[in-house]
Amino acid sequence: MAHRIYTTSFASVYPLYVAKAERKGRTKEEVDTIIKWLTGYDEVGLDRQLKDEVDFETFFAAAPRMNEDRALIKGVVCGVRVENVEERLMREIRYLDKLVDELAKGKAMEKILRGGNA
(Lines give C-alpha, C1' and ligand atoms only; values in the text may rest on other atoms or scores of the structure.)
Protein backbone atom coordinates (compact mmCIF):
# COMPACT_ATOMS: atom_id res chain seq x y z
CA MET A 1 0.00 0.00 0.00
CA ALA A 2 1.30 3.43 -0.94
CA HIS A 3 2.20 5.83 1.84
CA ARG A 4 -0.42 8.49 2.56
CA ILE A 5 2.00 11.34 1.83
CA TYR A 6 2.15 10.26 -1.84
CA THR A 7 -1.48 11.22 -2.37
CA THR A 8 -1.30 14.33 -0.17
CA SER A 9 -1.52 17.61 -2.03
CA PHE A 10 1.88 19.29 -2.30
CA ALA A 11 0.04 22.63 -1.96
CA SER A 12 -1.27 21.56 1.45
CA VAL A 13 2.24 20.92 2.80
CA TYR A 14 4.02 23.81 1.07
CA PRO A 15 2.72 26.44 3.55
CA LEU A 16 4.12 24.29 6.38
CA TYR A 17 7.58 24.36 4.76
CA VAL A 18 7.33 28.14 4.42
CA ALA A 19 6.07 28.59 8.00
CA LYS A 20 8.90 26.43 9.37
CA ALA A 21 11.46 28.55 7.53
CA GLU A 22 9.83 31.87 8.48
CA ARG A 23 9.68 30.93 12.17
CA LYS A 24 13.47 30.77 12.01
CA GLY A 25 13.90 34.06 10.15
CA ARG A 26 14.18 32.59 6.66
CA THR A 27 11.95 33.43 3.69
CA LYS A 28 9.41 31.91 1.30
CA GLU A 29 11.79 32.86 -1.51
CA GLU A 30 14.51 30.71 0.07
CA VAL A 31 12.09 27.77 0.32
CA ASP A 32 11.19 28.27 -3.35
CA THR A 33 14.89 28.39 -4.26
CA ILE A 34 15.42 25.04 -2.53
CA ILE A 35 12.42 23.46 -4.26
CA LYS A 36 13.52 24.78 -7.65
CA TRP A 37 17.10 23.56 -7.09
CA LEU A 38 15.88 20.09 -6.16
CA THR A 39 13.24 19.67 -8.87
CA GLY A 40 14.15 21.93 -11.77
CA TYR A 41 10.81 23.76 -11.62
CA ASP A 42 10.91 27.43 -12.50
CA GLU A 43 8.66 30.02 -10.82
CA VAL A 44 5.81 29.47 -13.29
CA GLY A 45 6.06 25.68 -13.04
CA LEU A 46 6.13 25.70 -9.25
CA ASP A 47 3.17 28.09 -9.11
CA ARG A 48 1.25 25.83 -11.53
CA GLN A 49 1.87 22.74 -9.36
CA LEU A 50 0.64 24.63 -6.29
CA LYS A 51 -2.40 26.06 -8.10
CA ASP A 52 -3.34 22.63 -9.50
CA GLU A 53 -2.93 21.08 -6.03
CA VAL A 54 -1.09 18.06 -7.41
CA ASP A 55 -0.16 15.29 -5.01
CA PHE A 56 3.46 14.57 -4.03
CA GLU A 57 3.68 11.66 -6.46
CA THR A 58 2.65 13.88 -9.38
CA PHE A 59 4.77 16.80 -8.15
CA PHE A 60 7.96 14.74 -8.28
CA ALA A 61 6.98 12.73 -11.38
CA ALA A 62 6.39 15.98 -13.30
CA ALA A 63 9.59 17.65 -12.07
CA PRO A 64 11.48 18.99 -15.09
CA ARG A 65 14.94 17.94 -13.86
CA MET A 66 15.74 16.38 -10.52
CA ASN A 67 19.11 17.75 -9.42
CA GLU A 68 21.86 15.15 -9.65
CA ASP A 69 23.55 16.66 -6.59
CA ARG A 70 20.59 15.62 -4.41
CA ALA A 71 22.51 12.39 -3.76
CA LEU A 72 24.86 14.55 -1.67
CA ILE A 73 22.03 15.20 0.82
CA LYS A 74 22.80 13.17 3.93
CA GLY A 75 21.52 13.08 7.47
CA VAL A 76 18.47 12.38 9.57
CA VAL A 77 15.04 13.94 9.20
CA CYS A 78 11.99 12.78 11.13
CA GLY A 79 14.17 10.06 12.65
CA VAL A 80 15.02 8.62 9.23
CA ARG A 81 18.45 8.67 7.56
CA VAL A 82 17.57 10.09 4.13
CA GLU A 83 20.33 8.41 2.18
CA ASN A 84 19.09 4.98 3.36
CA VAL A 85 15.48 5.40 2.22
CA GLU A 86 14.94 2.63 -0.32
CA GLU A 87 11.80 3.83 -2.08
CA ARG A 88 12.59 6.50 -4.67
CA LEU A 89 9.57 8.75 -4.11
CA MET A 90 9.89 8.67 -0.32
CA ARG A 91 13.59 9.49 -0.66
CA GLU A 92 12.77 12.53 -2.84
CA ILE A 93 10.25 13.72 -0.23
CA ARG A 94 12.80 13.20 2.56
CA TYR A 95 15.41 15.13 0.58
CA LEU A 96 13.03 18.08 0.43
CA ASP A 97 12.25 17.75 4.15
CA LYS A 98 15.97 17.69 4.94
CA LEU A 99 16.69 20.78 2.83
CA VAL A 100 13.90 22.74 4.53
CA ASP A 101 15.21 21.52 7.91
CA GLU A 102 18.68 22.80 7.07
CA LEU A 103 17.24 26.16 6.03
CA ALA A 104 15.31 26.44 9.29
CA LYS A 105 18.45 25.56 11.25
CA GLY A 106 20.24 28.54 9.74
CA LYS A 107 22.53 26.74 7.33
CA ALA A 108 23.97 28.92 4.57
CA MET A 109 22.09 28.64 1.28
CA GLU A 110 25.29 27.69 -0.61
CA LYS A 111 25.75 24.69 1.71
CA ILE A 112 22.06 23.71 1.49
CA LEU A 113 22.34 23.69 -2.30
CA ARG A 114 25.46 21.55 -1.98
CA GLY A 115 27.66 24.28 -3.41
CA GLY A 116 25.50 24.54 -6.54
CA ASN A 117 23.30 27.28 -7.87
CA ALA A 118 19.55 27.51 -7.95
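Read on for a plain summary of the structure. (Residues numbered from 1 in each chain as written. Predicted model: local features only at pLDDT ≥ 70, side-chain atom pairs only at ≥ 80, totals over all residues. Heavy atoms only, no water.)

Let us now look at the overall build of the protein. Along its length, the protein carries six helices and two strands. In sequence order, the protein lays out its α and β elements as α-α-α-α-β-β-α-α. The C-alpha radius of gyration computed for the protein amounts to 13 Å, which stays within 12% of the reference 13 Å derived for 118 residues, consistent with globular compactness. When burial is assessed residue by residue, the protein has 48% of its 118 residues classed as buried. Sequence-distant contacts, at least 24 apart, represent 63% of the contacts inside the protein between residues at least 6 apart. When the 21 positive and 21 negative side-chain charges of the protein are each reduced to one mean point, those points stand 5 Å apart. (Helix = DSSP H or I, 4+ residues; strand = E, 2+ residues; numbered from the N terminus. Rg over C-alpha atoms; globule rule 2.2 N^0.38 Å. Buried < 20%, exposed > 50% of the residue type's maximum accessible area, 1.4 Å probe, protein only. Contact = heavy atoms within 4.5 Å. Lys, Arg positive; Asp, Glu negative; His and termini not counted. Charge placed at Lys NZ, Arg CZ, Asp CG, Glu CD.)

Quick look at the pattern of salt bridges now. Counted under the stated rule, the structure contains 10 salt bridges. The salt bridge partner of Asp52 is Arg48, with a shortest N-O separation of 3.3 Å. With Asp52 and Arg48 both in helix 3 (residues 43-52) and four residues apart, the pair spans about one turn of that helix. With relative accessibility at 42%, the residue Asp52 sits in the partly exposed group. Classification of Arg48 as partly exposed rests on a relative accessible area of 41%. Between Glu92 and Arg70 there is a salt bridge, with its nearest N and O atoms 2.8 Å apart. (Salt bridge = Lys/Arg side-chain N within 4 Å of Asp/Glu carboxyl O.)

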